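A closer look at the structure
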Amino acid sequence: MSSPTSARTPGSADPGDRSRDGSPRPSRLPRPERRSRGDLVAVAFLVVAAVVGTLLVLASGDAADTELTPASPPLQPGADGPVPTALGEVWRAASPATPAPLAVGPAVVTAGPDGVVGHDPVTGREAWRYSRPEAPCTVGTGFGDVLAVFRTDGPLGTWCSDVAALEPDTGTRGPARNADLREGTRLLADRDHVTGTGADHVETWRSDLVLTTEVGRVATPVQPPDAQPRAECTNGSIAVGGGTVGMVQRCPGEDSDRLTVVDADPQSSEKPEERSSTPLGVRGARLVALTDQRAAWAAPDGTLHVVGTSADAETLIPETVYPLGTAAGPTTDPTDLAATVRPVGPVLLWWTGTATVGLDAGDLRPRWTLPGTLGAGAAWPGSAPAAVALVPVPDGLAVVDAATGTPRGPVVPVARGGDPTAPVAVAATGTTVVELRGSTVVALRPPG
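Residues numbered from 1 in each chain as written. Predicted model: local features only at pLDDT ≥ 70, side-chain atom pairs only at ≥ 80, totals over all residues. Heavy atoms only, no water.

For the peptide bond that leads from Ser72 to Pro73, omega is 0°, which places it in the cis range. Locating Pro73 in the fold gives a position in the loop between strand 1 (67–69) and strand 2 (88–94). The backbone of Phe143 shows a phi angle near 60°, a positive value even though the residue is not glycine. Relative to the helices and strands, Phe143 resides in the loop between strand 7 (136–142) and strand 8 (145–154). (Helix = DSSP H or I, 4+ residues; strand = E, 2+ residues; numbered from the N terminus.)

Our focus in this paragraph is the nonpolar core. Among the nonpolar cores identified, the biggest contains 18 residues, and Val109, Val116, Trp128, Tyr130, Val139, Val146 and Leu166 are the most heavily contacted of them. When residues of this core are traced back to their parent elements, those giving at least two are strand 3 (102–104), strand 4 (107–112), strand 6 (126–131), strand 8 and strand 9 (157–166). Look past the residues within four positions of Val139 in its chain and what remains in contact with it is Ala97, Thr98, Pro99, Leu102, Ala111, Val116, Val146, Leu147 and Ala148. Listed in part, the 16 residues of the second largest apolar core include Leu374, Val388, Val412 and Val414. (Core = buried A, V, L, I, M, F, W, Y, C linked by side-chain atoms within 4.5 Å. Buried < 20%, exposed > 50% of the residue type's maximum accessible area, 1.4 Å probe, protein only. Contact = heavy atoms within 4.5 Å.)

So, about the sheet that holds strand 23 (residues 342–344). Strands sit in the order 23-24-25-26 across an open sheet of four strands; the sheet is antiparallel. The sheet terminates laterally at strand 23 and strand 26 (366–371), the two strands that pair on one side only. Within this sheet the neighbouring strands show an average axis-to-axis angle of 25°, counted without direction. One ladder, built from five bridges, connects strand 24 (residues 347–351) with strand 25 (residues 355–360); its direction is antiparallel. The partner of Leu349 across the bridge, within strand 25, is Gly358. (Pairing = 2+ DSSP bridges. Axes fitted to C-alpha atoms, helices over the stretch in contact; angles between N-to-C directions.)

The subject of this paragraph is the pattern of salt bridges. Applying the stated criterion across every chain yields a total of 21 salt bridges. A salt bridge links Arg177 to Glu203; the nearest nitrogen and oxygen atoms lie 3.8 Å apart. Of this pair, Arg177 sits in strand 10 (residues 173–181) while Glu203 sits in strand 13 (residues 201–205); the two residues are 26 residues apart in sequence, bridging distant segments of the chain. Each member of the pair, Arg177 as well as Glu203, is classed as buried. Two residues, Asp333 and Arg250, come together in a salt bridge whose shortest N-O distance is 2.8 Å. Highlighted residues: Asp333 in the loop between strand 22 (320–323) and strand 23 and Arg250 in strand 16 (residues 244–250), separated in sequence by 83 residues. Residue Asp333 is classed as partly exposed on the basis of its relative accessible area of 31%. (Salt bridge = Lys/Arg side-chain N within 4 Å of Asp/Glu carboxyl O.)

What the four strands build is an open sheet, ordered 27-28-29-30; its pairing is antiparallel. Edge positions in the open sheet fall to strand 27 (378–379) and strand 30 (412–413), since each of these has one partner strand only. Here six bridges tie strand 28 (residues 388–393) to strand 29 (residues 396–401), and the two strands are oriented antiparallel to one another. Bridged to Ala389 within strand 29 is Val400.

A few words now on the state of the cysteines. Here the structure, examined in full by the defined rule, presents two disulfides. With its sulfur 2.1 Å from that of its partner, Cys137 forms a disulfide with Cys160. Its torsion about the S-S bond being -85°, the disulfide of Cys137 and Cys160 is classed as left-handed. One end of the pair, Cys137, is in strand 7; the other, Cys160, is in strand 9, with 23 residues separating them in the sequence. The burial state of Cys137 is the same as that of Cys160; both residues are buried. Here Cys233 engages in a disulfide with Cys251; their sulfurs sit 2.0 Å apart. Between Cys233 and Cys251, the S-S torsion sits near 110°, and that sign places the bridge as right-handed. Remark: Cys251 occurs in the loop between strand 16 and strand 17 (258–263) and Cys233 occurs in the loop between strand 14 (211–216) and strand 15 (234–241); sequence separation between them is 18 residues. A single burial state applies to Cys233 and to Cys251, both of which are buried. Across the protein, the way the bonded cysteines pair up, counted in sequence order, is 1-2, 3-4. (Disulfide = S-S within 2.5 Å.)

Here's what the structure looks like:
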């Protein structure tokens, strides 16, 4: 016969677990085996230490150093208008940290020691500002955002490490990253990637600013020894296009320059995936433009070479050489190593230093050449599908058909003052033309 303490049916309540009215009492958790007042004090101390540590990090870190004055209300895109026949200056601002005029979305962006500023294109009014104690190394654009790269000083020297994405209509900060870029870097945008240039290190990020590939010397190498096959080479010019990154490299022990093209988004960021790496047979080559299948580079003899970038011999496009003569310009490496072209309709505008050349956007052959220019030029908004380019010349802006280079009207006069042969970079948004003259942004608008 079983005793009163024998096993009960699972789920049934012990008579001692019932209240006076017979209902089951709530179950209780067992008491801990050991818990003293000292344990509670130790736990409280750890919690306080964690909170204080977090506050100290926030107080001494980027969150405390950064100042953002957002736009309220957000900037709105301006309406397009007809190609102007006259332009006058409406405002100007210093911008030493922008290597090109930045008309991003509804804002014209300037940058310098006081931070990054988004302006109303029409009035020049400061709509938003983003600043840090350090000055920006460079400011560019990609993925529709403003991308600011700030200086950082450390035991290994000065770097351009802190990267922040800013929304152009409000200045609100988006993704950020820590980069391994050096002074003199420039940002090159292509599709869904942005590449930072450097003499011995190039790195590429996707739209959330996550690293996708890097080429050259790695500051803190954690990669396999063979991850960078030519880490000792230096770069003379760098270009992006068609989901690829290309560079003219000068390597020890080689008697000519080398053209290396890698995928912008390989399977692993720890090792670049080369599409091709080929000696060019000359020294002083200058990379001009890239597509997904071709690269164009200029030789010191005034010729433009278009080559295939596939490593597959069956699909390799044969080399084609186009004579440019004096229009090819100087054979020195481009400023900040950046080979930049401006897409306008069916062409890519390339400034050689003496002329603007319209390269076919598909096969990179020269379609037309306009000598005596001061910069590449830019598209006039709203002129598609018959794309119109505004190209800076000494007395103003030449208005040309982007497909053929044919004039579409007289030169629009612009009174710049100073050196009439100094380079001028151009952008446009709405009915505002933006020129970068040296380190100054000048906004021009039609009268009235």
